[in-house]
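# Survey of secondary and tertiary structure
As a plain string of letters, each chain reads:
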Amino acid sequence: MDKPIAGYGWFIKCIDNALEKEANQNLQALNLTMQQNRVLILLAHAEEHTLSLKALEEHFGAAQSTVAGLVSRLEKKGLVEAVASPADRRVKLARLTEEGAHIHAQSRQNVVDSEARLTANLSPQEREVFLTCLKKVYEAVK
């Protein structure tokens, strides 16, 4: 058997690069950065599509000013609204708007389409095995 010219890591990195390039192109078409998209994802899955800025800071491990800037830029685009908590007016909340939900849905569809292209050459059984292997590799490195 011929010795492979590259190992697992090289292929994983090439796949990651291709997916990241496609994701960035898709996000650019939606006028979003990767970080802005991550905020939309979190809000889309949050109860009442709302999170405190403090919760976003903790999730991203980012400073208050960084998260406030992200939310402010998303607010200017009409994708989120910043509001005070009804329970404690000192607490700032970010809430996904209808337009933000629409953009999130488009972004999510882009991911589905990318994953379909990624696995297009695999049979359904191979896709299952591939996902199982990816999960095992991820568990080993996290």
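That block above? That's the structure.
Residues numbered from 1 in each chain as written. Predicted model: local features only at pLDDT ≥ 70, side-chain atom pairs only at ≥ 80, totals over all residues. Heavy atoms only, no water.

## Focus on the overall build of the protein
Across its full length, the protein carries 6 helices and 3 strands. Moving toward the C terminus, one meets the helices and strands of the protein in the order α-α-β-α-α-β-β-α-α. Here the protein has a C-alpha radius of gyration of 19 Å; the compact-globule value for 142 residues is 14 Å, and the former is much larger. Projecting the C-alpha coordinates of the protein onto the three principal axes gives extents of approximately 70 × 30 × 25 Å. Looking at the 142 residues of the protein, the share that counts as buried comes to 25%. Considering only contacts in the protein between residues 6 or more positions apart, those separated by 24 or more positions represent 50%. (Helix = DSSP H or I, 4+ residues; strand = E, 2+ residues; numbered from the N terminus. Rg over C-alpha atoms; globule rule 2.2 N^0.38 Å. Buried < 20%, exposed > 50% of the residue type's maximum accessible area, 1.4 Å probe, protein only. Contact = heavy atoms within 4.5 Å.)

## Thoughts on helix α4 (residues 64-76)
Note on helix geometry: an α-helix contains 3.6 residues per turn, so any two residues three or four positions apart are oriented the same way. With 13 residues, α4 should cover 18 Å at 1.5 Å per step; its first-to-last C-alpha distance of 18 Å lies within 8% of that length. Turning to α4, its buried residues are Val67, Gly69, Leu70, Val71 and Leu74. As for α4, its buried residues are in contact with α2 (34-45), α3 (53-60), β2 (80-84) and β3 (92-96). Gly78 sits one or two residues past α4 and shows a positive phi near 80°. (Expected span 1.5 Å × (residues − 1).)

## Here we look at the layout of surface pockets
Taken as a whole, the largest pocket holds about 1200 Å³ of empty space. What lines the largest pocket is a set of 31 residues, among which Ile15, Asp16, Leu19, Glu115 and Leu118 lie closest to the centre. Taken together, the elements giving at least two residues each to the lining of the largest pocket come down to α1 (8-29), α2, α5 (98-118) and α6 (124-141). Its residues assigned to classes, the lining of the largest pocket shows 18 nonpolar, 7 polar and 6 charged. (1 Å grid on protein atoms, 1.4 Å probe; cavity = no way out; pocket = protein on both sides within 12 Å on 5 of 7 lines; lining within 4 Å. Points joined across faces, edges and corners; volume = space filled by probe spheres on them. Nonpolar A, V, L, I, M, F, W, Y, C, P; charged D, E, K, R; others polar.)

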